[in-house]
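Chain by chain, the residues run as shown.
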Amino acid sequence: MSSQENPEENLPSEQESAAHGAVAVADDADPFADPGLPPHEHRVQDIDEQAARRSERTVAMLFTISMLSTVGFIASFVAFPVDKSVYIWPIGHISALNFALGMTLGLALFCIGAGAVHWARTLMSDVEVADERHAIQAEPEVKAKVLADFAQGAKESQLGRRKLIRNTMFGALTLVPLSGVVLLRDLGPLPEDKLRHTLWSKGKLLVNMNTNEPLRPSDVQVGSLTFAKPEGLEEHDHDFQTQIAKAALMIVRIQPDNIKDKRELEWSHEGVVAYSKICTHVGCPISLYEQQTHHVLCPCHQSTFDLSDGARVIFGPAGHALPQLKIGVNEEGYLEAHGDFEEPVGPAFWERG
């Protein structure tokens, strides 16, 4: 289909071409005359509807590839295991998951950009418009002109006419944000109920943090403060800091007659009581003990707990008592846990409810 077969209204008028290509000539009176804009050259898509439709299909194809790439991104996230690697020349061995995610997401974003650029370069109006400078505050006439220009631009973009481009563009722009939603899942493993539990379990020995030896009741003297960790947890373990932040214990010995809380007495052994070392305010480690009053003090914000009365809060910003660990002795006479804490340790967080 040649341009001669197009309706006359598709061809630029001679007046429009002449007005757009008007060039001022420099002379003695005005040696720096504005040269104006060069004559406008119409694209083949402007005069050939078949070429315009080919461009429309190209843009739609790019948007469709973007949609398929987004679906591939989500499928790759599910299909490839984290530890699988592949050999890619010349990069070498890389993570199959990372490679698939990068390729699919990159292709999805590239095709949206490429489609938008091709649309603008081939189908949207490319007529250069010169406008005079104006004051910052727009006059009513200027506002009206802007709205008119916007309406004209929307018309010239052919968004309403090129329904295939419009629909595929909306589809691509709708699907590509799903990549970000899927990426949220990769921020880390789901917490599940990990914050509710520690390494303590029935039969685990209480190990002295300083000597790394199991504790006997005789090792804990009245008035002393001892710190303990679960049996099997070593400092060279990769998750030591994570686990000790939940499982750290402080152990004191109180005369049974001085223990006011009934449950605390039942969960102790011969006056030896074990409480979480983690403050229930913001999680600081508690390390200050006053043997006459059996109070422990958090050094961060001075929350004070009474270990003779269920470790209840008697001062400071902490919101609730320290969790107690039920303990006893095994056949060999070592202190052992009778289970895990019955409530989450540390600050008051959402799952306490």
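The coordinates are above.
What counts, and at which threshold
- Residues numbered from 1 in each chain as written.
- Predicted model: local features only at pLDDT ≥ 70, side-chain atom pairs only at ≥ 80, totals over all residues.
- Heavy atoms only, no water.
- Helix = DSSP H or I, 4+ residues; strand = E, 2+ residues; numbered from the N terminus.
- Buried < 20%, exposed > 50% of the residue type's maximum accessible area, 1.4 Å probe, protein only.
- Contact = heavy atoms within 4.5 Å.
- Areas by Shrake-Rupley, 256 points an atom, 1.4 Å probe, with all protein chains shown as cover.
- Pairing = 2+ DSSP bridges.
- Axes fitted to C-alpha atoms, helices over the stretch in contact; angles between N-to-C directions.
- Phe/Tyr/Trp six-rings, centres within 6.5 Å; stacked < 30°, edge-to-face > 60°.
- Lys NZ or Arg CZ within 6 Å of the ring centre and 35° of its normal.
- Salt bridge = Lys/Arg side-chain N within 4 Å of Asp/Glu carboxyl O.
- Parallel < 35°, antiparallel > 145°, perpendicular 65-115°, else oblique.
- Left-handed = near helix turned anticlockwise from the far one by under 90°.
- Disulfide = S-S within 2.5 Å.
- Nonpolar A, V, L, I, M, F, W, Y, C, P; charged D, E, K, R; others polar.
- Core = buried A, V, L, I, M, F, W, Y, C linked by side-chain atoms within 4.5 Å.

K.L.:
Would you explain the overall build of the protein chain in this entry?
P.N.:
A tally of regular secondary structure across the protein chain gives nine helices and 13 strands. The proportion of buried residues among the 353 residues of the protein chain is 35%. Excluding contacts between residues fewer than 6 apart, the proportion of contacts in the protein chain whose partners are at least 24 apart in sequence is 60%. Carbon and sulfur atoms make up 58% of the accessible area of the protein chain, which totals about 21600 Å².

K.L.:
What's the story with the sheet that holds strand β10 (residues 312-315) in this structure? I'm lost.
P.N.:
Hydrogen bonds between backbone atoms are what pair the strands of a sheet, whose relative direction is either parallel or antiparallel. Spatial ordering of the open sheet is given by β7-β8-β9-β10, a layout of four strands whose pairing is antiparallel. Looking at which strands have only one partner, the edges of the open sheet turn out to be β7 (288-290) and β10. Within this sheet the neighbouring strands show an average axis-to-axis angle of 30 degrees, counted without direction. Across three bridges, the pairing between strand β9 (residues 304-306) and β10 is antiparallel. Among the inter-strand pairings, D306 is bridged to a residue of β10, identified as R312.

K.L.:
I tried to follow the sheet that holds strand β6 (residues 272-276) on my own but got confused; where do I start?
P.N.:
Taken in spatial order, the five strands make up an open sheet running β3-β4-β5-β6-β11, and their pairing is antiparallel. The open sheet has two edge strands, β3 (206-208) and β11 (324-325), and neither has a second partner. Relative to β6, strand β5 (residues 249-253) runs antiparallel, the two sharing five bridges. Bridge assignment links V252 to a residue of β6, and that residue is V273.

K.L.:
Is there a simple way to think about the packing of aromatic side chains in this case?
P.N.:
For the structure on display, the rule yields zero aromatic pairs. Looking at K277, its charged tip hangs above the ring of F227, at a distance of 3.9 Å from the centre.

K.L.:
Help me understand the pattern of salt bridges, please; the structure alone is not making it clear to me.
P.N.:
Oppositely charged side chains may form a pair once their charged atoms are brought near each other. A complete count under the given rule lists 12 salt bridges for this structure. One salt bridge in this structure joins E49 and R53, with 3.7 Å as the shortest N-O distance. Separated by four residues within a single helix, E49 and R53 lie in helix α3 (residues 49-79), roughly one turn from each other. You can call E49 buried: its relative accessible area is 19%. Of the residues examined, R53 reaches a relative accessible area of 45% and is grouped as partly exposed. Salt bridges sharing common partners tie together E49, R53, E56, R161 and R162.

K.L.:
In this structure, what is going on with the pairing of strand β1 (residues 85-88)? I would like to understand it.
P.N.:
The two faces of a sheet get side chains in turn, since along a regular strand they alternate between them. Both β1 and strand β2 (residues 92-95) contribute to a ladder of four bridges, which runs antiparallel. Its bridge partner being in β2, I88 is matched across the sheet by G92. Connecting β1 to the next strand, β2, in antiparallel fashion are three residues.

K.L.:
Help me understand the packing of α3 against helix α4 (residues 96-122) in this model?
P.N.:
For any two helices packed against each other, one specifies the crossing angle of their axes together with the interaxial distance. At a closest axis distance of 8 Å, the pairing of α3 and α4 adopts a crossing angle of 160 degrees. With respect to α4, the axis of α3 lies roughly antiparallel. α4 is crossed by α3, and the crossing has left-handed handedness.

K.L.:
Teacher, can you tell me more about the state of the cysteines here?
P.N.:
Two cysteines whose sulfur atoms are joined by a covalent bond form what is called a disulfide. A complete count under the given rule lists one disulfide for this structure. With its sulfur 2.3 Å from that of its partner, C284 forms a disulfide with C300. Between C284 and C300 the sulfur-sulfur dihedral comes to about -105 degrees; the bridge is accordingly left-handed. Separated by 16 residues along the polypeptide, C284 in the loop between β6 and β7 and C300 in the loop between β8 (295-297) and β9 bring together distant segments of the chain. Given the relative accessible area of 35%, C300 is considered partly exposed.

K.L.:
Even after reading the chapter, I still don't get the packing of helix α6 (residues 163-175) against helix α7 (residues 177-184), so can you show me in this structure?
P.N.:
Contact geometry of α6 with α7 gives a least axis separation of 4 Å together with a crossing angle of 15 degrees. By the angle class used here, α6 and α7 are roughly parallel. Of the residues in α7, those touching α6 at L173, T174 and L175 are P177, L178 and S179. Of the residues that constitute the contact of α6 with α7, the class distribution is four nonpolar, two polar and no charged.

K.L.:
Any chance you could explain the nonpolar core here in plain terms?
P.N.:
A general tendency of soluble globular proteins is for nonpolar side chains to be buried together. Residues I286, V296, L307 and L322 are the most contacted members of the largest nonpolar core, which totals 17 residues. At the level of elements, β5 and β6 are the ones that each hand at least two residues to this core. One finds A247, L335, A337 and V345 within the second-largest nonpolar core, a separate group that totals 16 residues.

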